[in-house]
Amino acid sequence: TVRVSLSDTGAIVAPTLHGVFFEEISHGGEGGIYAELIQNRGFEEANIPPGTTLKDGFIFPPATPHFSLSGNAVSDWKMEWPNHGEFPAWTVHANGNAAISELRTSNNPLNDATPHSLQIEISKADAANTADVINEGFWGINVQANENYNLNFFLRGNYKGQVKALLVAQDGTILGSCTSQVNNDVKWRKYVGVIKAQKTDTKAKFVLRFDRPGTVWLDFVSLFPQKTFHNRPNGLRQDLAQYIADLKPAFIRWPGGCFVEGITIQSAPDWKATIGPVEKRHSTYSPWGYWTSNGFGYHEYLQYCEDIGAAALYVFNAGVSCDFRSGTFAPDDSLQPYIQSALDAIDYAIGPVNSKWGKLRAANGHPKPFPLQYVEIGNEQNGPRYAERYNIFYDAIKAKYPNIKTIASMGIGDVNDFTLKKMRRVDFADEHAYKSAGWAMRNFEHFDKYKRGAWDIYVGEYATNAGVGAGNMEAALNDAVYIMSMEKNGDLVKMSSYAPLLVNTNDIDWPVNLINFDNAQSFARISYYAIKMMNENRAGINVKAVVNIGSPVIKKPAFAGGIGLATWDTKTAYKDIEVIQNGKTIFKSDFINDLNNWQFVRGQWGVNSSDSSLQQTAEGAQQFEMLKNKSFETYTLQLKAKKLEG
Ligand code: AHR
């Protein structure tokens, strides 16, 4: 029986409850939602030996390697240097008797932002013996028959004749091509073409083919599908952008995450390097171990927010880098450039067209303000020093933009009242919550316990990502229950976003992600559909409800794999399980002792207890199957709890 009292109402559920969080992690942007098909288009990505001095004097940190994931669990993480080779994604090939030099960069840059270009010497070539410069795309180029692809590249050098751009299938079939006439360009010249594909291959490659001797410099080679989300030039991949749009997010947080912090303060992203002509944008090294060309930049992000009716939530660096790696920071008395950068970013998004940055926004094609409503001051910083820093940014922002909501980062873990009280005023405190399977069921009262203060809560990153493989039904149930606990506390928790949002399955930096894709396919995990369902059917208001589940009543059931109810403590672990089929006990005993005969091979067992040392979960799929005497039998299981724990 569910007794609902419509006159006894509680908190309303904020319409802003569900947003999304984009980060440049796992190639979510570069080789992900950003539709560019050429990897390393400016020749800036390279395998960097530790200690190398890069642009801006930033020394590539010697002892701060990249996290990578060899399996699908957090325990599979290992630290390593990414080995991209000297020219990730690029190779050369001589056909027949042609001769072409190895790849090498030159100090002959197209511009400051793209300091490396490719120098190619073709010492021998003719119509039958051609020399190829090849790009493999982001683990293949998805070429679809009858689609058009926009090509741009910059070239100069001692070469007079044709250069052919080809899309080539894995079996060597030419899927489409276009030709440029090159004329001994002393200065850099931009070549533009359109390739119409005749056939499909999702793992094609891009080839620039030379058919005569010469020396050329090549830079910024870009290939875009003509079809992008909302047909924006320099736009987004349709399927991925649509997945996000279908979630109907109230806001989009961008661009991270740890990405915002940078491995060092010098390598942290700078929004100003992400606007304007794409070939003039500096690239940024993501702490997740690869370069982004910043093609999906601040303007494109704001445009996307507008296109899908979401508010923008911009996270900026508070002068602190990803401290669990190398941890560099700007001292408090050197914060002015960071403050100015944040103010300028706000000005670019919403300033009037006669302001410095508003004018540039208009020049970039968008005179109207973008829907920027929130800014977050740093990512995952916390503590009294952060509080001081927050106040400095807060004062500067609110003085100029009183209507912009400021978000204080809280780090991973619960909102810390102690720190918050030292802050001037916090519109939202951002709690990050990566939890294990069953956590939300055991901690449904988590938000009930928070003191109501002068701030609201934004759960800026949440996910069930332990004990659930790469994500499964149990994770989705846990996420859904977590969302219900936020709804229940609608007076406090007004925003949330799952993280991470996107993963290219060829470069997995984080164990559980919402939308999985490679260069041609994509799918959303069950948690995506849980969030979508919760958002589309979002409760308006809490009402008092009393639930009587009849007899027998298990007052506080713990959770076991979504299929039955069981609980136990360490001493009786595995002993109190009874499996009943059609009213008959088919299995009852010490699980471990019976392992020879009975084995739960694909089930999930969540051991729940208020004592966290007792919590453990076996990984697997959702279905229970039992291995009995080496042959599989599938049972519907009822797990009878013999011991209850509050
Ligand atoms: O979502 C992945 C990472 O988790 C984010 O970069 C960081 O903010 C958090 O620790």
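Residues numbered from 1 in each chain as written. Predicted model: local features only at pLDDT ≥ 70, side-chain atom pairs only at ≥ 80, totals over all residues.

Naming follows an unreviewed UniProt entry, where the chain appears as non-reducing end alpha-L-arabinofuranosidase of Pinibacter aurantiacus. If you open the UniProt record of the chain and go to Sequence similarities (unreviewed entry), you find "Belongs to the glycosyl hydrolase 51 family." Entered under Catalytic activity (unreviewed entry) in the UniProt record, the comment concerning the chain runs "Hydrolysis of terminal non-reducing alpha-L-arabinofuranoside residues in alpha-L-arabinosides." (UniProt positions renumbered as here; feature names shortened; annotations may be inferred.)

Draft legend 1. Representation of the packing of helix H5 (residues 336–350) against helix H6 (residues 356–363). At a minimum axis distance of 7 Å, the contact between H5 and H6 shows a crossing angle of 45°. Taken together, the axes of H5 and H6 lie oblique to each other. Seen from above, H5 lies across H6 with right-handed handedness. On H6, the residues that touch Asp344, Asp347 and Tyr348 of H5 are Lys356, Trp357, Gly358, Leu360 and Arg361. For the contact of H5 with H6, the residue count by class is three nonpolar, one polar and four charged. (Axes fitted to C-alpha atoms, helices over the stretch in contact; angles between N-to-C directions. Helix = DSSP H or I, 4+ residues; strand = E, 2+ residues; numbered from the N terminus. Parallel < 35°, antiparallel > 145°, perpendicular 65-115°, else oblique. Left-handed = near helix turned anticlockwise from the far one by under 90°. Contact = placed C-beta atoms within 7 Å. Nonpolar A, V, L, I, M, F, W, Y, C, P; charged D, E, K, R; others polar.)

Draft legend 2. Summary view of the site of the ligand. Every one of the 13 residues lining the ligand counts as a neighbour, but Gly257, Cys258, Glu380, Ala499 and Pro500 are closest to it. Within the shell around the ligand, the residues separate by chemical class into six nonpolar, four polar and three charged. (Near = placed C-beta within 6 Å.)

Draft legend 3. Fine view of the environment of Val4. Relative to the elements of secondary structure, Val4 occurs in strand S1 (residues 2–12). Judged by local crowding, Val4 falls into the exposed class, with 10 C-beta atoms found within 10 Å. Each C-alpha atom of the pair Val4 and Arg361 lies 52 Å from the other, and the pair is 357 residues apart in sequence. Among residues more than four places away in sequence, those in contact with Val4 are Val543 and Ala545. (Buried ≥ 20, exposed ≤ 12 C-beta atoms within 10 Å, placed from the backbone.)

Draft legend 4. Region of interest: the sheet that holds strand S2 (residues 18–21). Ordered in space as S2-S17-S20-S21-S22-S23-S24-S25, the eight strands form a closed barrel in which the pairing is parallel. Direction aside, the axes of adjacent strands within the sheet are offset by 30° on average. Pairing geometry for strand S24 (residues 456–466) and strand S25 (residues 493–498), over four bridges, is parallel. Residue pairing in the sheet places Ile457 in a bridge with Val493 of S25. (Pairing = 2+ DSSP bridges.)

Draft legend 5. Seen up close, the packing of H5 against helix H7 (residues 384–400). For the pair H5 and H7, the least separation of the axes is 10 Å and the interaxial angle reads 35°. Here H5 runs over H7; the crossing is right-handed. Between H5 and H7, the residues in contact are Ile339, Ala342 and Leu343 and Ile392, Phe393, Ala396, Ile397 and Lys400, respectively. Class assignment of the residues belonging to the contact of H5 with H7 gives a composition of seven nonpolar, no polar and one charged.

Draft legend 6. Structural view of the domain arrangement of the chain. Each assigned domain of the chain is listed here: domain 1 (12–35 + 54–80 + 229–544), domain 2 (90–225) and domain 3 (558–646). Each partner contributes residues to the interface: domain 1 has 13 residues there, and domain 2 has 16 residues. Counted by class, the side of domain 1 that touches domain 2 contains two nonpolar, six polar and five charged residues. (Domains from an automatic or database assignment.)

Draft legend 7. Region of the structure containing the sheet that holds strand S27 (residues 515–517). Strand order in the open sheet formed by three strands is S26-S27-S28, with mixed pairing between adjacent strands. Looking at the sheet topology across the chains shown, the edges are occupied by strand S26 (502–504) and strand S28 (522–524). The sheet shows a mean angle of 20° between the axes of neighbouring strands, direction not considered. Relative to S27, S26 runs parallel, the two being bridged by three bridges. Considered in S27, the bridge of Leu502 is made with Ile515.

Draft legend 8. Focus on the pairing of strand S21 (residues 372–377). Counting buried positions along S21 gives five out of six residues, so the element sits mostly inside the fold. Direction of pairing for strand S20 (residues 311–316) relative to S21: parallel, over a ladder of five bridges. From the neighbouring strand, Ala312 faces S21, where its bridge partner is Leu372. Remark: the S21/H7/strand S22 (residues 405–412) crossover connection has right-handed handedness. (Right-handed = clockwise from strand over helix to strand, strands pointing away.)

Draft legend 9. Broad picture of helix H11 (residues 526–536). Along H11, the residues that are buried comprise Ser527, Tyr528, Ala530, Ile531 and Met534. Looking down the long axis of H11, one finds its buried residues gathered within 160° of arc, a one-sided arrangement. Here the buried face of H11 lies against S2, helix H10 (473–488), S25, S27 and S28. (Arc of directions from axis to C-beta.)

Draft legend 10. Summary view of the nonpolar core. Core analysis: the biggest nonpolar cluster contains 154 residues, and Leu167, Ile252 and Ala312 have the highest contact counts within it. Taken domain by domain, the makeup of this core includes at least three residues from each of domain 1 (12–35 + 54–80 + 229–544) and domain 2 (90–225). Once residues within four sequence positions are removed from consideration, Leu167 is found in contact with Ile141, Val143, Leu175, Gly176, Ile195, Ala197, Ala204 and Phe206. (Core = buried A, V, L, I, M, F, W, Y, C linked by C-beta atoms within 7 Å.)

Draft legend 11. Quick look at unusual backbone geometry. With an omega of 0°, the peptide bond between Trp254 and Pro255 qualifies as cis. Within the element layout of this structure, Pro255 appears in the loop between strand S17 (251–254) and helix H3 (258–261). Omega for the bond connecting Gly256 with Gly257 falls within 30 degrees of zero, at 15°, which places this linkage in the cis form. Although it is not a glycine, Ala89 adopts a positive phi angle of roughly 75°. As for its position among the elements, Ala89 is in the loop between strand S4 (77–80) and strand S5 (90–94). Look at Asn234: it is not a glycine, yet its phi comes out positive at around 55°. Relative to the helices and strands, Asn234 resides in the loop between strand S16 (214–225) and helix H2 (238–246). Residue Asn234 is classed as partly exposed on the basis of its 19 C-beta neighbours within 10 Å.

Draft legend 12. Fine view of the environment of Ala499. Structurally, Ala499 is set in the loop between S25 and S26. Spatially, the C-alpha atom of Ala499 lies 9.5 Å from that of Trp510, the residues being eleven residues apart in sequence. Excluding anything up to four places from it in sequence, Ala499 contacts Phe21, Glu461, Tyr462 and Ala463.

Draft legend 13. Representation of the pairing of strand S15 (residues 201–210) within the structure. Counting buried residues in S15 gives seven out of ten residues, a clear majority hidden from the surface. Across five bridges, strand S9 (residues 131–135) lies against S15 in antiparallel orientation. When the bridges of S15 are listed, Ile134 appears paired with Val207. Note that strand S10 (residues 141–143) and S15 share two bridges and pair antiparallel. Note on S15: the bridge partner recorded for Val143 is Asp201. Bridge count for strand S12 (residues 160–168) against S15 is six bridges, and the pairing is antiparallel. Note on S15: the bridge partner recorded for Leu166 is Val207.

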